[in-house]
Amino acid sequence: MKVKYHHQQLLIATITALVFLSGCEKLLNEPSDKSLAVPSSLEDLQALLENPDKSSAGFPAAGEESADDYYLTDEDYQALYTVWDQRRYIWADDDLFAQGGSGNPWYSGYFAIYGPNAVLDFLPNIEGSETETGKYIKGQALFWRAFHYYEMAQVWTLPYDAATASKELGLPLRLDPDFNKPSIRSSLAETYEQILEDLKAAVPLLTTRPIHSVRASRQGAYGVLARVFLAMRDYDNAGKYADSCLQIHSELLDFNTLDASDRAPIKAYNHETITAANSFGDLLYAAIAKVNPQVYALYQEGDLRKQVFFETNPDGTHRFKGNFMEYGVFNGIATGEMLLIRAECYARAGKVSSALEDLNTLLRSRWDKDTPFVPYVASTAEDAKKLVLTERRRELIMRGLRWSDIRRLNLEGAGITQTRTANGKVHTLLPNDPRYALALPEDVIERSGMVQNRR
Amino acid sequence: MNYQSHSKGLANDITLSFPTPFGRQHFRLLIAMKLTLLLILLFSLRVTADIHAQTITLSLKNAPLSRVLEEVRKQSDYDFVYDDAFLKRANPVSVSMRNATMEQTLNRIFARQPFIYEIYDHIITIQPKPLASESAAADMPDPTLILAYPEVRGRVVDSLGNPLVGATVRVLNAEGKRTTLQTTTDRDGYFLLRNVPEDGQLEVTYVGHATTSLKPAADIGIVVLKAVQSELEEVEVMVNTGYQTLPRERATGSFVQIDNDLFNQQTGSNVLERLEAITSGLMVDRHATTTSGNGIRIRGLSTISGPKDVLVIVDNFPYEGDINNINPNDVESVTVLRDAAAASIWGARAGNGVIVITTKRGKANLPISVESNNVVTIGAIPDLYGLQEHMNSSDFVAVEEMLYQKGYYNSKFTSPTQAVISPVVELLRERETASAERIAQIDREIKFYRNHDVRDDYLTYMYQRSINQQYHLGLRGGSKKMVWSSSAGYDHNSSVLSAKDSRINLRLHQEYRPVNNLTLTAAITYTQRQQRSGKPGYGEITTNSNFILPYTPLADDHGNAIAFPKGLRIPFVESLDGGNFLDWRYYPMEDYKHDVNKRSYQDVFLNTGVNYAIVPGIQLDVKYNYQRQETSTEDLKDEKSFYARDMTNKYSQVAPNGNITYLVPKGGVLNLSNRTLQSHNIRGQFNISYDWGPHQIVALAGGEARSAHIKTKQFRYWGYNGTIMTVGNVDYTQPHPQYPSGGTSFIPNNDGVSERTTNFVSAFANASYSFRKRYILSGSVRRDASNLFGLATNDQWNPFWSTGISWNVSDEPFYRFGTIPSLKLRATYGFSGNINPAMVAVTTMTYFSNLTYTTQMRSARFNNFYNPELRWETIKTLNLAADFKLKGDRISGTIEYFHKQGKNLFGEAQLDYTAGIGSSITKNVASMKANGVDITLNSLNIDRTFKWSSVLNFSYAAEKITDFFVRNMSASNFVTFYNGANKVTGMSGKPVHAMFGYRWAGLNPENGNPRGYFDGEITEDYRKLTGSDSQVSDLTYFGSALPTTYGTFLNSFSYKGLTLDVSVILKLGYYFRRPSLSYSALYASWSGHVEYSERWQKPGDEAKTDVPSLVYPANSNRDRFYQYSEATVLKGDHIRLQYVNLAYALAPQWISRWGIQGAQVFLNLSNLGIIWKANEEGIDPDYIRSLYQTGNPRRVSLGLKFKF
């Protein structure tokens, strides 16, 4: 009987062990971190696009840094912390960006593009992808991807010329999240085609007005399309899209309501902002970036922008304080820019009065109510175009647009030659110089084997 | 804020002694003592055996002796007295007898045992067989018997007065040799001896107690024997794997056993800190300690980017909490598991080795013993004058003057942010437009700054000696059925910066054997720890991103606090005085009083277990462990703190009429956070032990499940008023204009919640078979599965296995090698791995705990990226070892050789960041192999009244990358900075962390520019030298960045009651990069370097110095070239005197009258510094890993241990 007694004990032990093991499955399926998820719902995808560090930030400032809205004194040039900053300022051939990670706009740009790519990749497999919400998410992803590609194309590819675009180098177009795929540079034509395709596809999917200016909207997509076509010098389309954008909403900030004595008179996410976006550049800090005196001289008596945009330094130079964003340089879409695009396109199309009407609409909102406003007049389309282009300089200073403007206008023979003095040495950037496409970061070239821009 | 000894402290609390009688701490201590007393009463009830007379019937085959004795005891009214430790040496018994007498039975049982037995009054005492010489002496007829006492009576009791039953009382002759005359005590401890010679002596012995000799007398009275506790360790070294305890000679794997004596040669409140100086094959990587983890490395690296920390086991279970919560006084022993065979039973987490800590417990049949250990340690003030990152004030002012002349500060003077400008530069500016009188004054002020050294102020006002008090009381005892141990400890530390850290530990451990085959275990440890921040140390006072100015005065001549520019320019701050703004100045000497961080830990560690012998040789062992650690932090920046005032001012909205609205309410800022860690572990295992003839099998098999859950929450209150308990409101939802810059910004939110759970399920088995105790074969296997997010199910179970063999060569009949009378060879081979949490099979995302400021929506970021190419990393380890003892038992030791082969090791692979997921990714990037040797030599050099023994632990471990799948060979990826030695410089044939430097061609004799080589040519083109054109092949390779050879040398000297222990640590065979001067950093962030004064200044200096000349503007590539060049690489080899411990055991005759059994006073000196180093720059390579590291200050401890 003793043997049987042992068997019973073994049985009890075995049962204990089995009960113990049966809990295992449950333990193994418990999520390890409650804030972790596999993107599996529309809410998840929206949250990924909502990431404020990605979508509306991470745009490159290197274009604005290379343009003539500002200059640095020798002292401030010398005080720049890195060699890369100094080299960007003098339009050096190469070695313009920090190696690897942070502070490198190529890095942050493609970092911002990964999110939309991943969202577009996940979306078809997620329940509800065909619903309104699903489409809205797709629209946002397409919008941000295109916007980032466009802004990056302004820095690292040559200005778009329809005649040569298929032969020139474009950006490597990464359209899905597989990071094991190699980076290969597309042609310039392909780059712009992709941007336009994405934006056009986004238009019907987005809400007409943004629920907040950091969100993508149909109006914003029209705005970016207008900007892209302008850069492509397709003024017909640029004008049409600017018009579509303004049809939805065309409210302007009345500068009379702003406190010009304020250190930052224009508040972020104001009602003139259609899409909020910004970029950061080491050379553009207000403390060191002095306003180009030729631009400052363009503002007339009664133009409130002279007070709202600028502050006079103790040495008599000026600094910019008219940012539409709390940090960095605003490069998003706002009504003022749209009016100027439409005006320019009207002028180029010979519609002088329409052009002047847009110009005057913009200007009235910038004009001191106590100073009599004299509307612009022009007799020829060429005059109107000149007026618009001058107004662009006044209105769109430090908006990340000047570099692109120089590029396209020089293709039309504007002959804008930039010069900068650093350490007593004069550096010149001639029209249509290959350096209008900045050198890609060297370590990207090394890691990917891509072709560097020609010098 | 951190809490290491060099961090902040509390200034106004200068209590250095015991806490005040009415303090809360003291109250807690009192409760602890009362509890302990109660426990003593409860557990000192001794269990007595029932007695029945009977004849004995036994039928057992290959049964352990203990079981046989138990059987005899049950069937008779006899009781046994023996030490468990002896019985482990017993041979198994096969016996078959019916109705035998006690004598027959015992003769039969003890026929083949190394024991003798004695019967007295139904008490059977078992003792080891006396050595041949002793028994010969005992058998001799005694010639010295001259006169005799007809009768000698006495009584033997233990230190608590309990009678000792069965104690042996022997008569020794005049020469001190044992005679045949002897007896044992009866049930009440009495004895009677007849015809005792007058010039003889009585020797009273009792197992587990110290032997006492005394002069015979007719009535001796009471003889008190004191318990001895170290006997077990002497008899047999046991290694504890956390799953089983097995004798050292049965183990095939590589174990290091640290006993209590060795462990206690050091002082301090941290358990792991003590291991470096005494453990073979263990090294502390001090880079790692400054970044994360404890830096303990066992036998070098086993992984590249995987988790590198060792697994710490406390009482059979992984310890999840903060290891600082464990009181070293509660530690009985430490076992370090070094090879795969030793560690593989711990599976996935054991890849880096395992440290098994066993806490103290009682022993069966042991009267209550009380131990107390009390230490006060005083630590020196850190050597601020030895700091590398400090520049002479006069030099610093000269640099500022130069920069001012160059216009470096021009834009800063006009910046609307009013960011800080140094006092000297402000004066230079003011001087330009000042009156002649003011100019003279300004010049005087600048002169003052030139001659002022902030370190003087730090030493006067901030730093002081650290004081650490440690008190510990432990009790333990045991009867036949119940074994228990309890303790109470109190530690109080006050750091060099007056940060406080106090800890109370309460512990109770008990084992109960209600019936013979069942053991119940219950243990609980409760720890409460309180920390309070102190003063800011050197380097902790910063402004924006700048470091402290070397000339900053902290106080005026009267000791009043002086403001230090922080955040905003002084003239701007002054201009606001008298207005609506709060004072915007920062006073380093005052601010810490208003910015106090308190942290408290409560830690409960509970162990319960049931051990049930199902059938002889098979036990079911179930253990459950629960840990809960709650950490709460209260960080109060009160209304007078700079932070609170700054935030209120910054978010002030100034209306055109000058009225101010405060968006951040006036008052303090209170940050609260709470972290709760809970873990449950349950383990069930079968222990099998079976002997037949010469065969012996010991095995275990079982499963375990563990679940660790961490929950955190944190929140912030603005406008906190602690007097009336009110808080204010702020608007987080929109950006607000900031004063004075006008830029807009959100009010920083600090709220958040998180919850994480890690679950493991494991199955394991381990078996060893031995034949004639000469050949041992062992094997172990384990599989783990975890819930680590996203792991595909088929990857969840990962097997680990190991196997080993050992051969006791010297037991072979043919072994005749007299020089090495004892020799054992061991070999093991095993397989382990590492989980990297980054290794997931799907893309995952993490939600940010706050809604976005703008849209008020949830947002998330990608957390992991789907990478189908990932594999587990695997490590195979071969271990070959020999244990030996030389003739005369004077020298013994172990030599182990290991070979590790790692495949698919994780590493950061550089990525084309066009992919959009960053510039590197965790991949299986490398294979590596490592070879090493661990040698331990123990020698007893002198063994007379004066004793000298040494232990030399010597390890060599060199790992080498055999394959590295990285394309980018740019030199910049291979050079590392002084604090970056953990960077993986993966390159085939080189160590994982290798030291490279740009080739150095000296300074240009004309201008002091550093020069390097590019394409074999000397050049000053720093862009080429440091850019992507420069390849790794252009660099100079030095060697490993981590020590490849290391060890400790321990010497113990003793003379009568005096012992002296000296420990020396050596680290050899590696290189480090010293910190150096960067002009870009000096200009931009005030971070100077002592070598500035040695810079090149005129032709000819290049012969004396490598420090480049000063240039403006700074060239960051030039700085980088110099800082990463050969010129800043030094050999790291050094020898350090780690500690000296001088102890004196008070003579028993002095203390026994107070009932004290043993008392020891000791003086311990630790961190005594380097006694030899290869570098001539005076740099301690171990303490150069982060900015402003001042090394580990010397410490002096004075302590008293006693036992009664």
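My aim in this report is to walk through the structure given alongside it, one point at a time. In this text, all values refer to a predicted model and were calculated from it rather than measured experimentally.

1. Re the sheet that holds strand 19 (residues 311-314) of chain B
All names here are of chain B.
Logical step 1: The 5 strands lie next to each other as 16-21-22-19-20, forming an open sheet whose pairing is mixed. Two strands bound the open sheet, and with one partner strand each, they are strand 16 (255-258) and strand 20 (317-318).
Logical step 2: Here strand 19 runs beside strand 22 (residues 354-359); their pairing, made up of 4 bridges, is parallel. Across the sheet, the residue bridging to Leu 311 is Val 354, located in strand 22.

2. Here's the deal with the packing of helix 8 (residues 132-156) of chain A against helix 17 (residues 402-411) of chain A
All names here are of chain A.
Logical step 1: Look at helix 8 against helix 17: their axes get within 10 Å of each other, and the N-to-C directions meet at 60 degrees. Put simply, helix 8 runs oblique to helix 17. For the pair helix 8 and helix 17, the sense of crossing is left-handed. On helix 17, the residues that touch Tyr 150, Ala 153, Gln 154 and Val 155 of helix 8 are Trp 403, Ser 404 and Arg 407.
Logical step 2: Tallied by class, the residues present in the contact of helix 8 with helix 17 amount to 4 nonpolar, 2 polar and 1 charged.

3. Notes on the sheet that holds strand 12 (residues 212-214) of chain B
Residues and elements named next belong to chain B.
Logical step 1: Pairing within the open sheet is antiparallel, and its 4 strands lie in the order 9-8-11-12. At either end of the open sheet lies a strand with only one pairing partner, and these are strand 9 (178-184) and strand 12. The average undirected angle you get between the axes of adjacent strands in this sheet is 25 degrees.
Logical step 2: Relative to strand 11 (residues 201-205), strand 8 (residues 168-172) runs antiparallel, the two being bridged by 5 bridges. When the sheet's bridge partners are listed, Val 171 is paired in strand 11 with Leu 202.

4. Considerations on the packing of aromatic side chains
Remark: the centre distance and the inter-plane angle together describe each pair of aromatic rings, the angle taken between the planes.
Logical step 1: Tallied over the entire structure, the rule returns 63 aromatic pairs over all chains.
Logical step 2: Ring geometry for Tyr 243 of chain B and Trp 346 of chain B: centres 4.5 Å apart, planes at 55 degrees, overall tilted. With Tyr 243 of chain B in the loop between strand 14 (238-240) and strand 15 (245-247) and Trp 346 of chain B in the loop between helix 9 (340-343) and strand 22, the pair connects residues that are 103 residues apart, well separated along the chain.
Logical step 3: In this structure Trp 346 of chain B comes out as buried when scored by relative accessible area, which is 4%.
Logical step 4: The structure contains a cluster of three or more aromatic residues connected by ring pairs, namely Phe 255, Tyr 296, Tyr 299, Phe 309, Phe 310 and Phe 320 of chain A.
Logical step 5: The ring of Tyr 1092 of chain B is capped by Arg 1095 of chain B, whose NZ or CZ atom sits 4.0 Å from the centre of that ring.

5. A word on the nonpolar core
Logical step 1: Membership of the largest hydrophobic core comes to 160 residues, with the highest contact counts inside it found for Trp 106, Phe 143, Trp 156, Val 228, Phe 309, Met 338 and Ile 397 of chain A.
Logical step 2: The element best represented in this core is helix 8 of chain A, accounting for 14 residues.
Logical step 3: Counting 78 residues, the second largest nonpolar core, distinct from the first, contains Phe 413, Ile 548, Tyr 1022 and Trp 1086 of chain B.

6. Things to note about the pairing of strand 30 (residues 618-637) of chain B
Residues and elements named next belong to chain B.
Logical step 1: By the bridge criterion, 20 bridges tie strand 29 (residues 595-615) to strand 30 in an arrangement that is antiparallel. Looking at the pairing, Val 604 lines up with Arg 628 of strand 30.
Logical step 2: Hairpin connection between strand 29 and strand 30: a loop of 2 residues separates the two successive antiparallel strands, and Gly 617 in this loop has a positive phi of roughly 95 degrees.

Calculation notes
Residue numbers run consecutively from 1 along every chain, following the written order of its sequence. Lettering of chains starts at A and numbering of ligands starts at 1, both following the order in which they are written. Totals for whole chains, interfaces and linings use every residue, but because this is a predicted model, local features are given only for residues with pLDDT of at least 70 and side-chain atom pairs only at 80 or more, for both listing and counting. In computing side-chain properties, one takes all heavy atoms of the structure into account and sets aside hydrogens as well as water. Two strands qualify as a pair provided that DSSP identifies no fewer than 2 bridges between them. In this description a helix means any DSSP run of H or I spanning at least four residues, a strand means any run of E spanning at least two, and both kinds are numbered starting from the N terminus. Note on method: axes are straight lines fitted to C-alpha atoms, helices fitted across the in-contact stretch only, with angles between N-to-C directions ranging 0 to 180 degrees. Our angle categories are set so that under 35 degrees counts as roughly parallel, over 145 as roughly antiparallel, 65 to 115 as roughly perpendicular, and the remainder as oblique. Note on convention: the crossing is left-handed when the near helix lies turned anticlockwise from the far helix by less than a right angle, right-handed when the turn is clockwise. Should any heavy atoms of two residues lie within 4.5 Å, those residues are counted as being in contact. Under the scheme applied here, ten amino acids are nonpolar (Ala, Val, Leu, Ile, Met, Phe, Trp, Tyr, Cys and Pro), four are charged (Asp, Glu, Lys and Arg), and all others, including Gly, are polar. Here a Phe, Tyr or Trp ring, Trp counted by its six-membered ring, pairs with any other such ring whose centre lies within 6.5 Å, and the pair is stacked when the planes are under 30 degrees apart, edge-to-face when over 60, and tilted otherwise. Relative accessibility under 20% of the residue-type maximum defines a buried residue, over 50% an exposed one, and the middle range a partly exposed one, all with a 1.4 Å probe and only protein chains included. The rule for a charge over a ring is simple: NZ of Lys or CZ of Arg within 6 Å of the ring centre, and within 35 degrees of the ring normal. Remark: nonpolar core denotes a set of buried residues (Ala, Val, Leu, Ile, Met, Phe, Trp, Tyr, Cys) joined through side-chain atoms within 4.5 Å.

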